[in-house]
Amino acid sequence: MHFGGFLSLCVLWYRVSLSQAEYTMSINFFNVDNPDEIIAGELPLISQRGPYVYREERMKINEEQEGDMLNFGEYKEYKFDSEMSCEGCSEDDEMRILNLPLIGVVQECLNQGSIIGSVLCGLVEAALNGEFQDELFFKHSVGDLLFSGVATGIVEFLMTNALTQNRLPPQIQENGFALFNGKNATSDNSWYTLDISTASYGIQAWGPTEDDKHEDLGFTKWWPEPDTSGEVSGSSCNLLTGTDGSQYQAGISEDTELWHFSPDICRSTYFTFDHQDQADPSNLVFSTPANGLHVNRTRNFCFCPSLEPSCYLPSDDPDVLDLTNCDLQDCKDGMLDVHACYQSPVILSNPNFYLAEHQLDNFQGTILPDKERDESRITVDRDTGTVTKAENKLQINMPIVKHPKITILQKVADIVFPVIWVNNVYSIST
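Treat the numbers as computed from the prediction; the structure is a model and nothing was measured.

Some points on the overall build of the chain
And then number 1: In terms of helices and strands, the chain carries eight helices and 20 strands.
And then number 2: The C-alpha radius of gyration of the chain comes to 22 Å, within 12% of the 22 Å expected for a compact globule of 430 residues.
And then number 3: For the C-alpha atoms alone, the extent of the chain along its principal axes is close to 75 × 55 × 45 Å.
And then number 4: Looking at the chain residue by residue over its 430 residues, the buried ones come to 51%.
And then number 5: Nonlocal contacts in the chain, meaning residues at least 24 apart in sequence, comprise 62% of its contacts between residues at least 6 apart.
And then number 6: Element-wise, carbon and sulfur atoms account for 48% of the exposed surface of the chain, whose accessible area totals about 19,300 Å².

Given below as structure tokens:
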């Protein structure tokens, strides 16, 4: 086949696959069942509610092709699907979760230092007990918490106070606070250059707008620490590689690492071979490796800001570091601090702290990880690289932080608190 015909075939496959594809986002809430007891110092009792499933409609915009390279924006829109969700569930269901805006502003108090921080948290304490009364574990509808917005209580204070109204995180906008504020019916942060050749299919550049795309993540300032080679912009943490998980290069083997990038996880991550699909031997199933978020992995060095290049020692395995002499501080296996990416004190993990089981003792036995339910995985055709199903899962957590001015937090345990876990599912009809 001549070159032009080959390119036409690639683009034809690309558009056909989009027409057959189905994207859903499934959300489970960690509902707080004993808020008063937690405030009094007891461990949390949590129940999971969901899934609340949203169909995701995607549309490519401003497509331009130059050789093998396809430039485009990706418009996304989410619509609630009651039939795919838990029985009898609706967006009007109310959930009691950690008050993320409150914890976020307490962290901001700590960031601002003793003088300004004390003034700000003094105002927050007065607001909580005055005009802007709120709870540490607030209760709102699913729809409001995810997309529509909560604009009362401490959120209203943050939106109107002179010290905070111009320093709000992206989760707080004109409609108030929502976990996915600004992510519905938009193409923001979804502009790509994609190599569509079958031999090297993958993302070559990404950016927030059509005219602001980059070949690595250094421009984001999410990961400002050097890796073991001393690189910052070109570090292993700022690596931009892989695909969105819907297609890979042809010729996949059991030794292949399948890389995946999503702005939601603030990094490129990889999947390794798990097993052969019993239903179709031509399909291979890949999953997130058990050590993928271990602090001592060489490629994860720059994800832990407290690590100094002088502290680690090499080991017999070039992929593993000896961190015996290092100060790990709050860096823990299975946890990824994404505060710079989310502009809020957010920590990501696998659902139910799978592969981060050191967190389980902080709860009253109601959070139980399960490999089959909580592991991310991709099923891919070994010959064509076509993905028949992908499940990319993450859990959003926020660490409890305290300031002496905020009395409601005085007895609360210093733990990483789970809020929701999400399963982004891609499937293609065959």
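A word on the packing of helix α3 (residues 100-111) against helix α4 (residues 114-128)
And then number 1: Between α3 and α4, the least distance of the axes is 8 Å, while the angle of their chain directions is 155°. On the basis of the axis angle, α3 is roughly antiparallel to α4. Where α3 abuts α4, its residues L102, V105, V106, E108 and C109 lie against G117, L120, C121, V124 and L128.
And then number 2: Looking at the contact of α3 with α4 residue by residue, the class counts come to eight nonpolar, one polar and one charged.

A look at α3
And then number 1: The first and last C-alpha atoms of α3 sit 16 Å apart over twelve residues, in line with the 16 Å expected at 1.5 Å per residue.
And then number 2: Within α3, the full set of buried residues consists of L100, P101, L102, I103, V105, V106, Q107 and C109.
And then number 3: The first or second residue beyond α3 is G113, which carries a positive phi of 90°.

Looking at the pairing of strand β9 (residues 202-209)
And then number 1: As paired strands, strand β8 (residues 191-195) and β9 are joined by five bridges and run antiparallel to one another. Bridge pairing links T193 to A205 in β9.
And then number 2: Where β8 folds back on β9, the antiparallel hairpin that results is connected by six residues.
And then number 3: Note: β9 against strand β10 (residues 212-214), two bridges, orientation antiparallel. Within β10, the position partnered with W206 by the bridge is H214.

About the thresholds
- Residues numbered from 1 in each chain as written.
- Predicted model: local features only at pLDDT ≥ 70, side-chain atom pairs only at ≥ 80, totals over all residues.
- Heavy atoms only, no water.
- Helix = DSSP H or I, 4+ residues; strand = E, 2+ residues; numbered from the N terminus.
- Rg over C-alpha atoms; globule rule 2.2 N^0.38 Å.
- Buried < 20%, exposed > 50% of the residue type's maximum accessible area, 1.4 Å probe, protein only.
- Contact = heavy atoms within 4.5 Å.
- Areas by Shrake-Rupley, 256 points an atom, 1.4 Å probe, with all protein chains shown as cover.
- Axes fitted to C-alpha atoms, helices over the stretch in contact; angles between N-to-C directions.
- Parallel < 35°, antiparallel > 145°, perpendicular 65-115°, else oblique.
- Nonpolar A, V, L, I, M, F, W, Y, C, P; charged D, E, K, R; others polar.
- Expected span 1.5 Å × (residues − 1).
- Pairing = 2+ DSSP bridges.

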